[in-house]
Amino acid sequence: MDVVLGILSFIGHAIEAVLNYVEAHHWIFGLAALGYIFYLHDRALHARFDALDKRIDEVRKRLAIEY
């Protein structure tokens, strides 16, 4: 039983150490989240521009065929 309690105690201390690290260095995770949000926004913006370029190319092709 002492072995089981020792293992549970070790797991508890490990979880506490991880939570203390996150609490002390929360700004690192905030910057990572902010960078990821910027990355997603940048991808969405480029996707919109790519779709707009495809539409413009399609209009140009149609105009070229008419003339």
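A brief structural summary. (Residues numbered from 1 in each chain as written. Predicted model: local features only at pLDDT ≥ 70, side-chain atom pairs only at ≥ 80, totals over all residues. Heavy atoms only, no water.)

Things to note about the overall build of the chain
The helix and strand inventory of the chain stands at 2 helices and 0 strands. For 67 residues, the compact-globule estimate of 2.2 N^0.38 gives 11 Å, and the C-alpha radius of gyration of the chain, at 27 Å, exceeds that figure by more than 25%. Structurally, the chain occupies a C-alpha span of about 90 × 25 × 5 Å along its principal axes. By residue count, 0% of the 67 residues in the chain fall in the buried class. Summing over all exposed atoms, the chain offers an accessible surface of approximately 6,500 Å²; the carbon and sulfur share of this is 69%. Positive and negative side-chain charges in the chain, numbering 7 and 9 respectively, have mean positions lying 17 Å apart. (Helix = DSSP H or I, 4+ residues; strand = E, 2+ residues; numbered from the N terminus. Rg over C-alpha atoms; globule rule 2.2 N^0.38 Å. Buried < 20%, exposed > 50% of the residue type's maximum accessible area, 1.4 Å probe, protein only. Areas by Shrake-Rupley, 256 points an atom, 1.4 Å probe, with all protein chains shown as cover. Lys, Arg positive; Asp, Glu negative; His and termini not counted. Charge placed at Lys NZ, Arg CZ, Asp CG, Glu CD.)

Some details on the pattern of salt bridges
A complete count under the given rule lists 1 salt bridge for this structure. A salt bridge links R62 to E58; the shortest N-O distance between them is 2.7 Å. Here R62 and its partner E58 are both found in helix α2 (residues 26-66), 4 residues apart, which amounts to about one turn of the helix. (Salt bridge = Lys/Arg side-chain N within 4 Å of Asp/Glu carboxyl O.)

With respect to the environment of V3
If you trace the backbone, V3 turns up in helix α1 (residues 2-24). V3 gets classed as exposed once you look at its relative accessible area, which sits at 62%. As a C-alpha pair, V3 and I15 span 12 residues in sequence and 18 Å in three-dimensional space.

Brief notes about the environment of E16
In this structure, E16 sits in helix α1. Assessed through its relative accessible area of 44%, E16 is described here as partly exposed. Linking E16 and G35, residues 19 residues apart in sequence, is a C-alpha distance of 27 Å.

A few points about a nonpolar patch on the surface
A cluster of nonpolar side chains, M1, V3, V4, L5, I7, L8, F10, I11, I15 and L19, forms an exposed patch at the surface whose accessible area comes to about 1,100 Å². Within the secondary structure, I15 sits in helix α1. (Patch = residues over 30% accessible without salt bridge, like charges linked within 9 Å, V, L, I, M, F, W, Y side chains within 5 Å.)

So, the environment of F29
Mapping F29 onto the fold places it in helix α2. Residue classification places F29 among the partly exposed positions, given a relative accessible area of 41%. Those residues within four positions of F29 in sequence are excluded, and the remaining contacts are Y21 and V22. (Contact = heavy atoms within 4.5 Å.)

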